[in-house]
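# Remarks on the overall topology
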Amino acid sequence: MPKIAQYDLESEQCLLAALMLERGIYKQIDVSIDDFYDENHRKIYQCICELFEDGVEADYVTVCAKIKSRGWDGQVPPVFVCGLASEIPTAFTRNWKNYVAMIKKKSAARKLSQLALHLQKVSQNGLNDLSGKIGQAMGQLIEIMEKAEGKSKSVKEKVRDWV
């Protein structure tokens, strides 16, 4: 069976471009920083999130300034951010919902693989507290599934359920 890549760099790039070019979509997306596979994409998305949370529109200039203020300009060159904002056609950025879905799907696949590796290690290290470990794994599986399907709860909702 062929291996399927657990990331889609083009979708990540198009979503980042959309966030810098299409106003108003930031509040409509449910993507977390760790959903991005590429480390530079994670950093750019983190800067975009911080800008929006501060009430500042994210564009090439503001994102590059935020990257520089965090000391990441050596890792995420401005020319890379400029390429996202200028080389990706607007027609692509309009499909941002598809990119969100693809990023979440790939992220869920990575998390599922990580969980499988963890379970393999647990099973090889003895079966103490087997029901507890299975319960934790089931909880993680449900969380992965809900996030992949866009049904994940906010932190506030999780705390409310817990209390």
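What counts, and at which threshold
Residues numbered from 1 in each chain as written. Predicted model: local features only at pLDDT ≥ 70, side-chain atom pairs only at ≥ 80, totals over all residues. Heavy atoms only, no water. Axes fitted to C-alpha atoms, helices over the stretch in contact; angles between N-to-C directions. Helix = DSSP H or I, 4+ residues; strand = E, 2+ residues; numbered from the N terminus. Parallel < 35°, antiparallel > 145°, perpendicular 65-115°, else oblique. Left-handed = near helix turned anticlockwise from the far one by under 90°. Contact = heavy atoms within 4.5 Å. Nonpolar A, V, L, I, M, F, W, Y, C, P; charged D, E, K, R; others polar. 1 Å grid on protein atoms, 1.4 Å probe; cavity = no way out; pocket = protein on both sides within 12 Å on 5 of 7 lines; lining within 4 Å. Points joined across faces, edges and corners; volume = space filled by probe spheres on them. Expected span 1.5 Å × (residues − 1). Buried < 20%, exposed > 50% of the residue type's maximum accessible area, 1.4 Å probe, protein only. Polar contact = N/O pair within 3.5 Å; in protein donor to acceptor, adjacent residues only side chain to side chain. Patch = residues over 30% accessible without salt bridge, like charges linked within 9 Å, V, L, I, M, F, W, Y side chains within 5 Å. Areas by Shrake-Rupley, 256 points an atom, 1.4 Å probe, with all protein chains shown as cover. Salt bridge = Lys/Arg side-chain N within 4 Å of Asp/Glu carboxyl O.

### Comments concerning the packing of helix α3 (residues 60-69) against helix α4 (residues 78-87)
- Where α3 contacts α4, the axes come no closer than 10 Å and their chain directions differ by 150 degrees. It follows that α3 is roughly antiparallel to α4 by the angle criterion. Judged by the sense of rotation from one axis to the other, the crossing of α3 with α4 is right-handed. Residues Tyr60, Val63, Cys64 and Ile67 of α3 form the contact with α4, whose participating residues are Pro78, Val81, Cys82 and Ala85.
- Class assignment for the residues of the contact of α3 with α4 results in eight nonpolar, no polar and no charged.

### What to know about empty space enclosed by the protein
- For the coordinates displayed, the defined rule picks out one cavity of 30 Å³ or more.
- Considered as a void within the structure, the largest cavity measures approximately 30 Å³ in volume.
- Residue lining of the largest cavity: Asp35, Lys104, Ser107, Ala108, Lys111, Ile144, Lys147 and Ala148, and that is the complete set.
- Broken down by secondary-structure element, the contributors of at least two residues to the lining of the largest cavity are α6 (96-124) and α7 (130-148).

### Section: the environment of Phe80
- Turning to its location among the elements, Phe80 is positioned in helix α4.
- Taking C-alpha positions, Phe80 is 9.3 Å from Asn40, a pair spaced 40 residues apart along the chain.
- Apart from residues no more than four positions distant in its own chain, Phe80 is found in contact with Gln13, Asn40, His41 and Ile44.

### Structural notes on helix α2 (residues 39-53)
- Helix length check: α2, at 15 residues, gives a terminal C-alpha distance of 21 Å against a target of 21 Å (1.5 Å per residue), a fit within 8%.
- Three or more residues of α2 are buried, namely His41, Lys43, Ile44, Tyr45, Cys47, Ile48, Cys49, Leu51 and Phe52.
- Where α2 is buried, its residues meet α1 (9-21), α3 and α4.
- At the N-terminal boundary of α2, the capping side chain belongs to Asp38, with an oxygen 3.0 Å from the backbone nitrogen of Asn40.
- Immediately downstream of α2, the backbone of Gly55 shows phi near 80 degrees, a positive value.

### A word on a nonpolar patch on the surface
- Among the surface-exposed residues, Leu112, Ile134, Met138 and Leu141 lie close enough to one another that they form a single nonpolar patch of about 340 Å² accessible area.
- No other element matches the three residues that α7 contributes to the nonpolar patch.
- For Met138, the position within the fold is in helix α7.

### A word on the environment of Gln13
- Looking at the element boundaries, Gln13 is found in helix α1.
- Dropping the residues within four chain positions of it, Gln13 is found in contact with His41, Phe80, Leu84 and Ile88.

### A word on the pattern of salt bridges
- According to the stated counting rule, one finds seven salt bridges in the structure shown.
- Between Arg70 and Glu50 there is a salt bridge, with its nearest N and O atoms 2.8 Å apart. Of this pair, Arg70 sits in the loop between α3 and α4 while Glu50 is found in helix α2, placing the two residues 20 residues apart along the sequence.
- Arg70 sits in the partly exposed class, given a relative accessible area of 34%.
- One salt-bridge network, held together by shared partners, links Glu50, Asp54, Lys66 and Arg70.

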